[in-house]
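Here is what each chain is made of, one letter per residue.
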Amino acid sequence: DSGVTQTPKHLITATGQRVTLRCSPRSGDLSVYWYQQSLDQGLQFLIQYYNGEERAKGNILERFSAQQFPDLHSELNLSSLELGDSALYFCASSWTADMNEQFFGPGTRLTVL
Amino acid sequence: GENVEQHPSTLSVQEGDSAVIKCTYSDSASNYFPWYKQELGKRPQLIIDIRSNVGEKKDQRIAVTLNKTAKHFSLHITETQPEDSAVYFCAASIQAGTALIFGKGTTLSVSS
């Protein structure tokens with residue numbers, strides 16, 4: 001157990017819908033990262049937050065957005081869902097902006113029908 | 001941006017043999033190289049990492065080597081066991097606290 005928690009574990013929804021994925025970092029970790037894992041694209045970085053502020057953006061679609069709250073938990077919002085958005089979404093956290101080690105949560109499996 | 005290539009994509013070994021997975025990276029500014037192990041349906045777990053100021057690091061049966069000049073790094077697993085069977089990912093990051101760029105993964109199968 002890495003100490004990073006994610007809810008829900010599974011999510012099944014229809015095309016065009018909107019969902020919210022939640023992540024709680026390890027106690028004391030200030031940085032949160034979101035990754036998408038699909039069969040054909042592997043693990044891809046989406047976005048990073050550090051202490052409430054957006055720090056870096058990767059291959060995140062405009063239909064996706066995220067935020068980090070004062071208690072440091074983070075939410076990833078996915079809207080206008082398409083079949084191709086079906087994937088495992090992982091959250092990872094690290095202690096500070098200077099720490100490389102990232103610890104992953106258990107992931108949320110999103111299925112878009 | 002950074003690009004990480006990983007090979008082989010699949011690797012089958014007999015229990016007790018050694019396994020080697022290789023990765024190359026494109027950005028010479030990358031300075032942190034972790035390896036993650038992911039079992040089916042589970043989270044990626046950090047198993048070992050190396051920084052650019054070190055050439056080799058070992059932890060029991062696993063070791064990682066880094067060649068900065070050639071921009072490649074490798075994972076070595078000795079005395080493989082069936083429980084080593086998993087997907088292994090290499091990654092690179094350009095600076096501390098930034099996103100990891102992952103390779104496509106290697107599926108390691110260890111048969112007894």
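How each quantity is defined
- Residues numbered from 1 in each chain as written.
- Chains lettered and ligands numbered in written order.
- Predicted model: local features only at pLDDT ≥ 70, side-chain atom pairs only at ≥ 80, totals over all residues.
- Heavy atoms only, no water.
- Phe/Tyr/Trp six-rings, centres within 6.5 Å; stacked < 30°, edge-to-face > 60°.
- Helix = DSSP H or I, 4+ residues; strand = E, 2+ residues; numbered from the N terminus.
- Buried < 20%, exposed > 50% of the residue type's maximum accessible area, 1.4 Å probe, protein only.
- Lys NZ or Arg CZ within 6 Å of the ring centre and 35° of its normal.
- Pairing = 2+ DSSP bridges.
- Axes fitted to C-alpha atoms, helices over the stretch in contact; angles between N-to-C directions.

Novice: Looking at this structure, how should I read the packing of aromatic side chains?
Specialist: Here a ring pair, both rings aromatic, is described through the centre-centre distance and the interplanar angle of the planes. Scanning all chains against the criterion turns up 14 aromatic pairs over all chains. Ring centres of Phe-90 of chain A and Phe-104 of chain A lie 6.0 Å apart, and the angle between their planes is 75°; on these two criteria the pair is classed as edge-to-face. Residue Phe-90 of chain A is located in strand β9 (residues 87-94), and its partner Phe-104 of chain A is located in strand β10 (residues 103-104); the two are separated by 14 residues in the primary sequence. Neither Phe-90 of chain A nor Phe-104 of chain A differs from the other in exposure class; each is buried. Here the aromatic rings of Phe-89 of chain B and Phe-102 of chain B are separated by 6.2 Å at their centres, their planes lie at 90°, and the arrangement is edge-to-face. You can see Phe-89 of chain B sitting in strand β9 (residues 86-92) and its partner Phe-102 of chain B sitting in strand β10 (residues 101-102), a full 13 residues away along the chain. Over the ring of Tyr-50 of chain A we find Arg-55 of chain A, and its NZ or CZ is 5.8 Å from the ring centre.

Novice: Can you walk me through the sheet that holds strand β7 (residues 64-68) of chain A in this structure?
Specialist: Residues and elements named next belong to chain A. Reading across from one edge, β1-β3-β8-β7 is the order of the 4 strands in this open sheet, with antiparallel pairing throughout. Strands at the two margins of the open sheet, each flanked by one partner only, are β1 (5-7) and β7. Along the sheet, successive strands turn relative to each other by an average axial angle of 15°, direction set aside. Pairing of strand β3 (residues 19-24) with strand β8 (residues 74-78), which is carried by 5 bridges, proceeds in the antiparallel orientation. The partner of Thr-20 across the bridge, within β8, is Asn-77.

Novice: Teacher, can you tell me more about the pairing of strand β2 (residues 10-13) of chain A here?
Specialist: Regular strands show a simple pattern: their side chains alternate between the two faces of the sheet. Residue and element names in this part refer to chain A. By the alternation rule, side chains of β2 split into Leu-11 and Thr-13, which are all buried, and His-10 and Ile-12, of which none is buried. Pairing of β2 with strand β11 (residues 108-112), which is carried by 4 bridges, proceeds in the parallel orientation. Within the sheet, the bridge partner assigned to His-10 lies in β11 and is Arg-109.

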